[in-house]
Amino acid sequence: MKCLEKLEKLEQIVARYNDRLSFISATLLENNQLKSAKALKEEIDSIQNTDRLMNIGIVGRVKAGKSSLLNAIVFDGASVLPKAATPMTAALTKLTYADKHQATVEFFSQEDIDDIKKEADEYEKMLKKELEECVNFFKKKDNLSESEIQEKALKKAKRSLETKKEAASADQYERMKKSSVDIKSLEKEAIVEFNSLDDLSKKLDRYVGSSGDLMPFTKSVTIGFPLESLKEVNIIDTPGVNDPVKSREARTLDELNKCDVIFIVSPAGQFMSSEDLGLMGRITQKAGIRELYVVASKFDTQLHGDVLEKSNKNLSKAFDMLISDLSSHMHTTLVDLKNNTRGVGNTFDSLIEQNSSRILHSSGISYTIKENIYNPENLDEGEQHAWNNLVENYPDNFSHKDKDLSIVSLDKLSNISKIKNILDEVAKRKNDILQEKIANLENTKTAAIDSYGAGLLGYITEQEKEINEGDLDELLSEKTKLEEIKSEASVILKSSFEGVCQDFSRNLSTLLKTKLNDLYKQATKESDAQTGSVTVAEQRTRDKGSGFLWFRDLAGTRYENYTEMVEYTTVNTNQVVSAINSFISDTEDEIKGIASKQIAEFKTSMPAQLIRALKDGLGEDKSSEIKASKFRSIISTVLTSLEIPVLCYRDKRLKNAAQGRLRGYDAENFINMAFNHIEDFRNSVKDDLSDFIDELDDSLDKFDLAKTLFDQYDKDIEKLTSDIKNKEMAIAELNRIKADIQGASL
């Protein structure tokens, strides 16, 4: 960037003529909101590094076809990414570019394992209670033995709890206990090097494969490949459940929040299920680019049965029928979700309003078949079966003999080229935005640096004028008169400065606390919007409690079943966590912004206020001895040395708290925790603000403005006296400085 080169050159000039420029340079940098060339380079690099890569998120339940989709997009259909071992053990996987083949496997910490065990223990309590109710239910059934009752009751109890996060933790912990691995022997992470995609697939099996000994302990996997397809992207493949592991779910939410494109993968045969909607709760609103698409995966499995018959084996007609049905179903489902679920907002509006263009059919298995069309022996049993079905049911489009015909139809069925085109379009848009952001930064900084350079040049020109027009006798007289009023002027300056500082501190404190309260109200409102209620019909069993109970036990008439409508509190925890963390981030940014703005205005307005106080306090005769323009310049300069404390916060972001959608007791506990956290953060920031104002007051009290000002005034007079005595040499140096500054500005 040219602006960076300019600033670097100007810094070199200031360093070369340090005695003349260092003091004024600090003032001009602050006035133009500049720091240093190093800081500017870091800002440019940050934008380029953070915004350059396109982040792609994959969301979907276990066995939805996410791995097949990624294998097709990134690895040309090779089965590199293993399918999740179970719904409870799917690791967070990140694919990125690297100079060499290398994977980093992160293991659960002891704290993670303790959390998993705690929830596994809670599951056992829940299962015991549910089992008792199920046993009572089956006791009313005729002709069931005690062992049959226990067996059926256990199945029913487990089935009723299978979607609970505690059940996921119980499964995870059970696998850990059965493993022969000693967790204490594991490092925080393992580095896995591989030579090829086949080699990686084999080595990853130990960490994420269904029979891998380290699979139960694997938290996340980051895989780096020296592949052109990954040079400009990061791909995040999320676990297929609302994760029982809090720290991993928090990481998942954080990664998804950075994504520019999110593909929601839902099997065409069970499209947009309640499980999919639960996982979509991870997706929150985001500033900037955020494209959402729904991928109807395993599309090939729906081309048979009724669709085959109604389409009369016409592939294009079958496609149109399926896409129309899926589009209609998605629209209805998401409209219902938006209307009936508080807090959804406009997150999924693009899917609702552009539903037909936002559904992408996909068949990873078809892509694999296409890639192996000339080597069918490489297909596994499932792939071979799918291929035979396509050939048999749609002979006009698929053929064992006509490879070219089959490739065209398999391309259409896999739809990978369309998905890649979408990624290319988003990447182009992202690059355009990046270039616009960089251009805006360069324009802003160029204007600031030009102003900084002009300020340096103006200062040197003013010095040159003072030297040419200066008189040694007048300077001596000025210094003598200044000494006469210095004591009285110092008292006036001290009193005025203290008054201005007190008003500034008081007003700043009020502004900051008002902004904090406004943000607090907004956060509580947004969090409250994520809570609601749901009424469900639940089966109950009651004891009639009359007659000969022992006889009625035998007769089976003592207990009766009934339905009760129960209202439960609900909460979307992912959205609440996002709202709270946004509140925390906004609070830090906005309060720091207000403080910086007010401090800048304080320093800008101070010279005029102090000069006015001097004129009023000293009277017309004495104040005439003060050169207002020179005093104003020196006051502005010395205020640069005023140390302003940094406004700091203790880290209060809500971590490892998201748990998907909760209801009942769990929801109420979470809501209480969330609102307590918001309140705690507000109180914490109040304390931080009080500390900041106290430190600011202390810094202002310690700053001896009068002494600093007059010391600098004396130095300026001494320097000017020396320059006048060595006029020729001083003017020559000033001309060199002007030439250098003008050269740097070209």
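What you see is a predicted model, and the numbers here were worked out from it, not measured in a lab.

**Student:** Where do I start with the packing of helix H4 (residues 66-75) against helix H18 (residues 416-469) in this structure?
**Tutor:** A packed helix pair is summarised by two numbers, namely the angle formed by the two axes and the spacing between the axes. Relative orientation of the contacting elements H4 and H18 amounts to 70 degrees, with a least axis distance of 10 Å. Of the possible angle classes, the one that applies to H4 and H18 is roughly perpendicular. On the side of H4, the interface is formed by Leu69, Ala72 and Ile73, while H18 contributes Ile416, Ile419, Lys420 and Leu423. Of the residues that constitute the contact of H4 with H18, the class distribution is six nonpolar, no polar and one charged.

**Student:** Would you take a moment to explain the nonpolar core for this structure?
**Tutor:** Buried together is how nonpolar side chains tend to be arranged in soluble globular proteins. By size, the foremost hydrophobic cluster in this structure holds 93 residues, and its most contacted members are Leu21, Tyr452, Leu456, Phe497, Phe602 and Phe631. When near neighbours in sequence (up to four residues on either side) are disregarded, tyrosine 452 contacts Leu7, Leu10, Val14, Ser25, Leu28, Leu29, Asn32 and Leu34. Counting 61 residues, the second-largest nonpolar core is a separate cluster that includes Val74, Ile149, Tyr207 and Phe225.

**Student:** I tried to follow a negative patch on the surface on my own but got confused; where do I start?
**Tutor:** On the surface, a cluster of negative charge is contributed by Asp687, Asp691, Asp694 and Glu695. If you trace the backbone, glutamate 695 turns up in helix H23 (residues 665-702).

**Student:** Is there a simple way to explain the pairing of strand S5 (residues 218-225) in this structure?
**Tutor:** For a regular strand, side chains alternate in direction, first toward one face of the sheet and then toward the other. The buried fraction of S5 is high, at seven of eight residues. The pairing of strand S2 (residues 92-97) with S5 spans six bridges and is parallel. Across the sheet, the residue bridging to threonine 96 is glycine 224, located in S5. Here strand S3 (residues 102-107) runs beside S5; their pairing, made up of six bridges, is antiparallel. When the sheet's bridge partners are listed, threonine 104 is paired in S5 with threonine 222.

**Student:** What is the right way to look at the pairing of strand S4 (residues 189-193) in this model?
**Tutor:** Here S4 shows a buried face lined by Ala190 and Val192 and an unburied face lined by Glu189, Ile191 and Glu193. Relative to S4, S3 runs antiparallel, the two sharing five bridges. Considered in S4, the bridge of alanine 103 is made with valine 192.

**Student:** What exactly am I supposed to notice about the pattern of salt bridges here?
**Tutor:** According to the stated counting rule, one finds 33 salt bridges in the structure shown. Two residues, arginine 506 and aspartate 503, come together in a salt bridge whose shortest N-O distance is 2.6 Å. With a gap of three residues between them, arginine 506 and aspartate 503 both fall in helix H19 (residues 472-528), about one helical turn apart. Residues participating in the shared-partner salt-bridge network are Asp19, Arg20, Lys719, Asp723 and Glu733.

**Student:** What am I meant to see in the sheet that holds strand S8 (residues 291-297) here?
**Tutor:** By definition, the strands of a sheet pair up through backbone hydrogen bonds, in either a parallel or an antiparallel sense. Read from one edge of the open sheet, nine strands run S4-S3-S5-S2-S6-S1-S7-S8-S9, paired in mixed fashion. Of all the strands in the sheet, just S4 and strand S9 (359-361) have a single pairing partner and so form its edges. Shown here is a sheet whose adjacent strand axes are inclined to one another by a mean of 20 degrees, direction ignored. Sheet topology note: the strand S7 (residues 261-267)/S8 ladder contains seven bridges and is parallel. In the strand pairing of S8, serine 266 is matched with alanine 296. Sheet strands touched by helix H8 (residues 197-208): S3, S4 and S5. Its angle to S5, the strand with the most contacts, is close to 170 degrees.

**Student:** Whenever I open this one, the packing of helix H15 (residues 364-371) against helix H16 (residues 381-393) confuses me. Can you help?
**Tutor:** It is the contact of H15 with H16, at a shortest axis distance of 10 Å, that shows an interaxial angle of 90 degrees. Taken together, the axis directions place H15 and H16 in an arrangement best described as roughly perpendicular. Here Ile365, Ser366, Thr368 and Ile369 of H15 lie close against H16, whose contacting residues are Gly382, Glu383, Ala386, Trp387 and Leu390.

**Student:** Would you take a moment to explain the packing of aromatic side chains for this structure?
**Tutor:** The description of an aromatic ring pair rests on the distance of the ring centres and on the angle between the ring planes. Evaluation of the coordinates by the stated rule reveals nine aromatic pairs. Centre to centre, the rings of phenylalanine 107 and tyrosine 207 are 6.2 Å apart; their planes meet at 35 degrees, and the pair counts as tilted. Linking phenylalanine 107 in strand S3 with tyrosine 207 in helix H8, this pair joins segments that are 100 residues apart in sequence. Seen in terms of ring centroids, phenylalanine 137 and phenylalanine 138 are 5.2 Å apart; in terms of plane orientation they differ by 80 degrees. Their pairing is edge-to-face. For phenylalanine 137, a relative accessible area of 22% translates into the label partly exposed. Note on phenylalanine 138: relative accessible area 12%, which makes it buried. Sitting above the plane of the phenylalanine 137 ring, lysine 156 keeps its charged end 5.2 Å from the centroid. If you follow arginine 682 out to its NZ or CZ, it ends over the ring of tyrosine 520, 3.7 Å from the centre.

**Student:** Looking at this structure, I do not really get helix H17 (residues 403-414). What am I missing?
**Tutor:** Three- or four-residue spacings in an α-helix give side chains the same orientation, since the helix completes a turn every 3.6 residues. Between its first and last C-alpha atoms H17 spans 16 Å; for 12 residues at 1.5 Å apiece the expected length is 16 Å, and the two agree. For H17, the full list of buried residues reads Ser406, Ser409, Leu410, Leu413 and Ser414. The buried side chains of H17 occupy one side of the element, clustering within an arc of 130 degrees when seen end-on. Across from the buried face of H17, at angles greater than 90 degrees, the exposed residues are Asp404 and Val408. If you follow the buried residues of H17, they end up packed against helix H12 (315-340), S9, H15, H16 and H18. Positioned one or two residues after H17, asparagine 415 has a phi angle of 65 degrees, which is positive.

Thresholds applied
All residue numbers here refer to positions counted from 1 along the written sequence of the relevant chain. Reporting of local features is limited, given that this is a predicted model, to residues whose pLDDT is at least 70; pairs of side-chain atoms are given and counted only at 80 or more, and all residues count toward the totals for whole chains, interfaces and linings. Values reported for side chains reflect all heavy atoms of the structure, with hydrogen atoms and water molecules removed beforehand. Angles run from 0 to 180 degrees between N-to-C directions of axes, and those axes are lines fitted to C-alpha atoms, restricted for helices to the stretch in contact. Strands here mean DSSP runs of E at least two residues long; helices mean DSSP runs of H or I at least four residues long; both are numbered from the N terminus. Each angle receives one of four descriptions, namely roughly parallel if under 35 degrees, roughly antiparallel if over 145, roughly perpendicular if within 65 to 115, and oblique otherwise. Here, two residues are considered to be in contact whenever any of their heavy atoms come within 4.5 Å of each other. Under the scheme applied here, ten amino acids are nonpolar (Ala, Val, Leu, Ile, Met, Phe, Trp, Tyr, Cys and Pro), four are charged (Asp, Glu, Lys and Arg), and all others, including Gly, are polar. Here the nonpolar core consists of buried residues drawn from Ala, Val, Leu, Ile, Met, Phe, Trp, Tyr and Cys, with membership extended through side-chain atoms lying within 4.5 Å. Buried, partly exposed and exposed residues are distinguished by accessible area as a fraction of the type maximum, computed with a 1.4 Å probe on protein chains only: under 20%, between the cut-offs, and over 50%, respectively. To count toward a patch, a residue needs a relative accessible area above 30% and no salt bridge. Like charges then connect within 9 Å, nonpolar side chains (Val, Leu, Ile, Met, Phe, Trp, Tyr) within 5 Å. Using a 1.4 Å probe, accessible areas were evaluated by the Shrake-Rupley method; residue-level cover was limited to the displayed protein chains. For this document, the term salt bridge refers to a Lys or Arg side-chain nitrogen within 4 Å of an Asp or Glu carboxyl oxygen. Positive charges are assigned to Lys and Arg, negative charges to Asp and Glu, while His and the chain termini are left out of the count. Lysine's charge is taken at NZ, arginine's at CZ, aspartate's at CG and glutamate's at CD. Strand pairing is assigned whenever DSSP detects at least two bridges linking the two strands. Paired rings are identified among Phe, Tyr and Trp, the last through its six-membered ring, by centres lying within 6.5 Å, and are further divided according to the angle between planes into stacked (under 30 degrees), edge-to-face (over 60) and tilted (the rest). A ring is scored as having a charge over it whenever the NZ atom of a lysine or the CZ atom of an arginine sits within 6 Å of its centre and within 35 degrees of its normal. To estimate the expected span of a helix, count its residues, drop one, and scale the result by 1.5 Å. The directions considered for the arc run from the helix axis to the C-beta atoms.

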